[in-house]
Amino acid sequence: MRILLWHGYLLGGTGSNVYTRALAREWSHAGHKVVVFSQEPSPEQYDLGGAEVVRPDIGRLLPVFVLDRYEGFDARRLPELTKAERERYVAANAEALREHLPADLVFANHVLLGGPVAAASGARYGVKAHGSELEYAMRGNQELSAWGREALAGAEAVFVGSEHIRDVLEELVGHVDRVHVVPPGVDVDEFVPIPRDEALRRLLDESRADPPNPGNSNERLPDEGNAERLEAFLAADEPTVLYFGKLMHNKGVHVLLEALRDVDARAVIVGFGDHRSELESLAPERALFTGPLEHRHLAQLIPLTDVTVVPSIFPEAFGMVAAEAAAAGSLPLVANHSGLAEIAAGVAAEYPEADRDLTSFASGDAVDLAEKLRRLLALAPGERDELAEAARRAVVTRWSWTGVSQRLLEPFA
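Conventions we followed
Residues numbered from 1 in each chain as written. Predicted model: local features only at pLDDT ≥ 70, side-chain atom pairs only at ≥ 80, totals over all residues. Heavy atoms only, no water. Helix = DSSP H or I, 4+ residues; strand = E, 2+ residues; numbered from the N terminus. Rg over C-alpha atoms; globule rule 2.2 N^0.38 Å. Contact = heavy atoms within 4.5 Å. Areas by Shrake-Rupley, 256 points an atom, 1.4 Å probe, with all protein chains shown as cover. Lys, Arg positive; Asp, Glu negative; His and termini not counted. Charge placed at Lys NZ, Arg CZ, Asp CG, Glu CD. Pairing = 2+ DSSP bridges. Axes fitted to C-alpha atoms, helices over the stretch in contact; angles between N-to-C directions. Buried < 20%, exposed > 50% of the residue type's maximum accessible area, 1.4 Å probe, protein only. Parallel < 35°, antiparallel > 145°, perpendicular 65-115°, else oblique. Left-handed = near helix turned anticlockwise from the far one by under 90°. Nonpolar A, V, L, I, M, F, W, Y, C, P; charged D, E, K, R; others polar. Salt bridge = Lys/Arg side-chain N within 4 Å of Asp/Glu carboxyl O.

## Overview of the overall build of the protein chain
Of regular secondary structure, the protein chain possesses 16 helices and 15 strands. Relative to a compact globule of 413 residues, whose C-alpha radius of gyration would be 22 Å, the protein chain shows 21 Å and is just as compact. Each of the three principal axes of the protein chain carries a C-alpha extent, and together these read 60 × 50 × 40 Å. In the protein chain, once contacts between residues fewer than 6 apart in sequence are set aside, the share between residues at least 24 apart is 67%. As displayed, the protein chain offers around 16,300 Å² of accessible surface, 48% of which is attributable to carbon and sulfur atoms. Both charge centroids of the protein chain, one from 41 positive and one from 64 negative side chains, sit 3 Å from each other.

## What about the sheet that holds strand β2 (residues 33-37)?
Strand order in the open sheet made by the seven strands is β3-β2-β1-β6-β7-β8-β9, with parallel pairing throughout. Only two strands of the sheet have a single neighbouring strand rather than two, namely β3 (52-54) and β9 (179-181). Ignoring which end each strand starts from, the neighbouring axes of this sheet average 20° apart. Sheet topology note: the strand β6 (residues 105-109)/strand β7 (residues 125-128) ladder contains four bridges and is parallel. In the sheet register, Asn109 faces β7, and the bridge partner there is Lys128. Here helix α2 (residues 83-98) sits on the sheet and contacts β1 (2-6), β2 and β6; the angle it forms with β1, its principal contact strand, is near 155°.

## Points about the side chain of Thr240
Among the secondary structure elements, Thr240 is positioned in strand β10 (residues 240-244). Accessibility expressed as a relative area gives 0% for Thr240, which makes it buried. In contact with Thr240, not counting residues within four places along its chain, are Leu234, Arg266, Val268, Leu304, Thr305, Asp306 and Val307.

## Section: the packing of helix α13 (residues 338-348) against helix α15 (residues 381-399)
Interaxial distance between α13 and α15 falls to 8 Å at its minimum, and their mutual angle equals 115°. Relative to α15, α13 is oriented roughly perpendicular. Between α13 and α15 lies a crossing of right-handed hand. Contacts from Glu342, Ile343, Gly346 and Val347 of α13 reach α15 at Ala391, Ala394, Arg398 and Trp399. Residue composition of the contact of α13 with α15, grouped by class: five nonpolar, one polar and two charged.

## Thoughts on the sheet that holds strand β15 (residues 360-361)
Strand order across the open sheet formed by six strands is β12-β11-β10-β13-β14-β15, with parallel pairing between neighbours. The open sheet terminates on both sides in strands that have one partner only, identified here as β12 (287-291) and β15. The pairing of strand β14 (residues 331-335) with β15 spans two bridges and is classified as parallel. Bridging across to β15, Val334 finds its partner in Ser360. Taken strand by strand, α13 contacts β13 (307-310), β14 and β15, and its axis lies near 145° from that of β14.

## Some points on the pattern of salt bridges
The tally for this structure, following the rule as stated, stands at 32 salt bridges. With a shortest N-O distance of 2.6 Å, Asp223 and Arg276 are connected by a salt bridge. Note that Asp223 is positioned in the loop between α7 (196-208) and α8 (226-233) and Arg276 in helix α10 (residues 276-282), a separation of 53 residues in sequence. For Asp223, a relative accessible area of 5% translates into the label buried. For Arg276, a relative accessible area of 18% puts it in the buried group. We note a salt bridge from Arg393 to Glu350, for which the minimum N-O separation is 3.0 Å. Of this pair, Arg393 sits in helix α15 while Glu350 sits in the loop between α13 and β15, and the two are 43 residues apart along the sequence. For Glu350, a relative accessible area of 22% gives the class partly exposed. Through salt bridges with shared partners, a single network forms among Asp223, Arg229, Arg276 and Glu280.

Function cannot be read off these values alone, since they describe shape.
Here it is in structure tokens:
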């Protein structure tokens, strides 16, 4: 097939960005001709499997769901754009797509603005709904919800990552035909358990290769001097807890930091966001903040940790972070709600019955989180290894990218 894969943002860091580049890589490796449309200024740093790359000219205005800084753009939350601004953005992207037709399929990320962009291309299209546009833009906004409903009406298939997102989508736009639940995937060849000494050596090598970031002035780059800081922090083999994701209130990092006060463990906190300085002030003494890290770092860091916590207090479409951690040998522990609960259930199904409650904790409950962390960290080495093998087995069986990418194309066969 010839597939035009549209994504309005970058290709690194956040969930939908990773999702896009993973699909491009898997579809290309499967023999499809893929053209990726995004605003990534440096696509050469990512493995897209040889896919062609296009950067549509949209001007300076970039509609976003969560306000971050984007170099070269004036980022503004989608609900704050005028109708004329939205239409100009859609028209510019649709024009870029039409220049690369004919194609067998336009696959667009995000109900908004991916749905309207794909519809305006005039080609056969499918749409992948993510939690971000639903919760941060469309919820409570009747105009945007109606626009999303109109765009999805013409889609040949609509994909959601979990039953939770299927319910949210229907709540916001009404009944949608041709909806398929296909969870996001994990690169089970990249995220693998690695012996401790080798993982630490690789992590330090990757950190030494990071670009300069004097004074940590660029929040989207790893912190300056991470190699030296990580080497000292991780030198001893001690109980270690990991968080990686956005540093914003809805991600619940403050809940984790509160829980860690009652847990004998150190913590590595990975990510960027407008709550970083506040979270650093709340953190216990044995917590290291690194700034954002890419997959090339995380694939080495995760095997050095015992537990990876996903403490979000806001609905999540899917627990990608938890699945990646499980694949690489770090036991996942997630807040028990929304798409995260589906990850917890999938992993728990592979655990011995006595340990099945150790995949999740009550949302926002630092006491319950601390108690689960203490139990996980107290496991004997053999017991921990048994759970780690079971967690990886759950990921390989349910959420490998190879299987996910194939399932996404089945409705168009």
